[in-house]
Amino acid sequence: MQLNLRKNLLLAGGCILLSASPAQAAVFDIHLNFTSGLSTDYQSYFTNAANFWKSIITGYDFDIGGNLLNSGITIDVSGSAGAVGGTLATAGVSYIQHSNLTSGRAVVNGGSINIDTADLPNMIANNTFQSVIEHEMAHVLGFGTLWEANHLYTDGIGQYTGSFGLAAYRAEFGQPAAAFVPVELGGGAGTADGHWDEVDDGFGVTGITDSQGRDMRYELMTGWLNGPTFLSNTTIQSFRDLGYTVAAVPLPGAVWLFGSALLSLMGLSAKKRRVGIV
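What counts and how
- Residues numbered from 1 in each chain as written.
- Predicted model: local features only at pLDDT ≥ 70, side-chain atom pairs only at ≥ 80, totals over all residues.
- Heavy atoms only, no water.
- Helix = DSSP H or I, 4+ residues; strand = E, 2+ residues; numbered from the N terminus.
- Buried < 20%, exposed > 50% of the residue type's maximum accessible area, 1.4 Å probe, protein only.
- Contact = heavy atoms within 4.5 Å.
- Areas by Shrake-Rupley, 256 points an atom, 1.4 Å probe, with all protein chains shown as cover.
- Core = buried A, V, L, I, M, F, W, Y, C linked by side-chain atoms within 4.5 Å.
- Pairing = 2+ DSSP bridges.
- Phe/Tyr/Trp six-rings, centres within 6.5 Å; stacked < 30°, edge-to-face > 60°.
- Lys NZ or Arg CZ within 6 Å of the ring centre and 35° of its normal.
- Polar contact = N/O pair within 3.5 Å; in protein donor to acceptor, adjacent residues only side chain to side chain.
- pLDDT = per-residue confidence, 0-100.
- Expected span 1.5 Å × (residues − 1).
- Axes fitted to C-alpha atoms, helices over the stretch in contact; angles between N-to-C directions.
- Parallel < 35°, antiparallel > 145°, perpendicular 65-115°, else oblique.
- Left-handed = near helix turned anticlockwise from the far one by under 90°.
- Nonpolar A, V, L, I, M, F, W, Y, C, P; charged D, E, K, R; others polar.

Visitor: For this particular structure, what's the right way to read the overall build of the protein?
Guide: Of regular secondary structure, the protein possesses six helices and 12 strands. Counting over 278 residues, the protein shows a buried share of 54%. A sequence separation of at least 24 residues applies to 77% of the contacts in the protein between residues at least 6 apart. About 10,600 Å² of surface is accessible on the protein, with carbon and sulfur atoms providing 52% of the total.

Visitor: Help me out: how do you make sense of the environment of Ala 171 in this one?
Guide: Structurally, the position occupied by Ala 171 is in helix α4 (residues 163–172). Sequence separation between Ala 171 and Asp 210 is 39 residues, and the spatial gap between their C-alpha atoms is 8.7 Å.

Visitor: What exactly am I supposed to notice about the nonpolar core here?
Guide: A general feature of soluble globular proteins is that nonpolar side chains tend to end up buried together. Ranked by internal contacts, the top residues of the largest apolar core, which has 58 residues, are Trp 53, Ile 115, Leu 141, Trp 147, Trp 196, Phe 239 and Tyr 244. With six residues, the single largest contributor to this core is helix α3 (residues 129–140). Sequence-distant contacts of Phe 239, that is, excluding residues within four places in its chain, are made with Trp 53, Ile 57, Ala 138, Leu 141, Phe 143, Tyr 244 and Val 246.

Visitor: Looking at this model, I keep getting lost on the pairing of strand β7 (residues 105–116). Mind explaining?
Guide: If a strand is regular, its side chains alternate between the two faces of the sheet. Of all the 12 residues making up β7, 11 are buried; the element is thus mostly covered by neighbouring parts of the structure. Of the strand pairs in this sheet, strand β5 (residues 73–80) and β7 are connected by seven bridges, and their pairing is parallel. From the neighbouring strand, Ile 75 faces β7, where its bridge partner is Gly 111.

Visitor: Even after reading the chapter, I still don't get the packing of aromatic side chains, so can you show me in this structure?
Guide: Two aromatic rings are characterised by how far apart their centres lie and by the angle between their planes. For the structure on display, the rule yields 18 aromatic pairs. When the ring of Phe 52 is compared with that of Trp 53, the centres are 4.9 Å apart and the planes differ by 70°; the resulting orientation is edge-to-face. Put simply, the rings of Phe 28, Phe 52, Trp 53, Tyr 60, Phe 143, Trp 147, Tyr 153, Tyr 160, Trp 196, Phe 239 and Tyr 244 pair up and form one aromatic cluster. Sitting above the plane of the Phe 230 ring, Arg 214 keeps its charged end 4.2 Å from the centroid. Over the face of the ring belonging to Phe 164 we find Arg 240, whose NZ or CZ atom lies 3.7 Å from the ring centre.

Visitor: In this structure, what is going on with the side chain of Asn 150? I would like to understand it.
Guide: For Asn 150, the position within the fold is in the loop between α3 and β8 (159–160). Judged by its relative accessible area of 8%, Asn 150 is buried. Polar side-chain contacts of Asn 150 include one of 2.9 Å to the backbone nitrogen of Ala 106. Reaching out from Asn 150, the side chain makes a polar contact with the backbone oxygen of Leu 146 at a distance of 2.9 Å. Beyond its immediate stretch of four places on either side in the chain, Asn 150 contacts Arg 105, Ala 106 and Leu 242.

Visitor: Got a minute to help me understand the environment of Thr 234 in this structure?
Guide: The residue Thr 234 is located in helix α5 (residues 233–241) in this model. For Thr 234, the residues in contact, after removing those within four places along its chain, are Gly 165, Ala 168, Tyr 169, Glu 172, Phe 173, Val 181 and Trp 196.

Visitor: How should I be thinking about the confidence of the model for the protein in this particular structure?
Guide: Should pLDDT be low for a region, the predicted coordinates there are not to be read in detail. The share of residues in the protein with pLDDT of 70 or more is 74%, and the mean pLDDT across the chain is 79. Confidence drops under a pLDDT of 50 for residues 5–23, and excluding neighbours within four residues, the segment shows 77 contacts in the predicted structure. In the predicted structure, residues 252–278 sits below a pLDDT of 50 and forms 130 contacts with residues beyond four places in sequence or in another chain.

Visitor: Would you mind showing me how to read α3 here?
Guide: An α-helix turns once every 3.6 residues. As a result, residues three or four positions apart point the same way. In a regular helix each residue adds 1.5 Å, so 12 residues correspond to 16 Å; α3 covers 17 Å between its end C-alpha atoms and thus fits that length. Most of α3 is tucked away, with 12 of its 12 residues classed as buried. Within the span of α3, buried status applies to Phe 129, Gln 130, Ser 131, Val 132, Ile 133, Glu 134, His 135, Glu 136, Met 137, Ala 138, His 139 and Val 140. Positioned one or two residues after α3, Gly 142 has a phi angle of 120°, which is positive.

Visitor: How should I be thinking about the packing of helix α1 (residues 43–54) against α3 in this particular structure?
Guide: Between two packed helices, both the angle of their axes relative to each other and the distance between the axes serve to describe the pair. For the pair α1 and α3, interaxial distance at closest approach is 9 Å and the crossing angle is 50°. Regarding the angle of α1 to α3, the classification is oblique. Crossing of α1 against α3: the hand is right-handed. Residue-level contacts link Tyr 45, Phe 46, Asn 48, Ala 49, Ala 50, Phe 52 and Trp 53 of α1 to Phe 129, Gln 130, Ile 133, Glu 134, Met 137 and Ala 138 of α3. Grouping the amino acids of the contact of α1 with α3 by side-chain chemistry returns 10 nonpolar, two polar and one charged.

Structure, rendered in structure tokens:
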């Protein structure tokens, strides 16, 4: 199954200038605040997604004070009914502009995810809902949404230049001379500038494969998600570029491979343009 991810970055709370506390470092944690419109039957999917990302992101590589200190990131979760086959989910991210670093750094402060409950039965039946939440939550944590604020990417260029993500891409996908990780410029305003690049609106192979022969089109954080899907070390290391520390690789296979299909998006607004068996 193939789904198109679209993003509209929503800054829920703007940016706050914050000075660091050199004697204390924040601990990374994800807290879920279930608000309205979503049955408790579905809350475990969000808990699983939070635990998934906490197994990969372990902390911060710098000291930071403020309300992140010993409190972690809070994500408000809600549901509302839309049109079947339309928007699957929307998400927003708020951030702190960490002013003590020479280059400045935008650090996630919190965010929100809203699920279109009209699409829930289909996502559950197709076994895609867990993947939707994991993808959305990655955007809430800064993937594609805080690249520009952290000087890792310039919108419209299609070239991600974060040093950790780029080094991983060179090694993982056999691209030793690459000057950047290609970023999606197609798919419209919701898809472009926030995902790894694909071709033919996600229907074609990119020809860029890892050591296990997996084409980049199957990576979790591309704009069109095709199954079976995998999480690359390139994506994991890109979180280091955002200021996180991450678990050592290789991770257990269960962490890297996902179900038969994936889909949706974050810090953003995710719309499904096409669904098909590929």
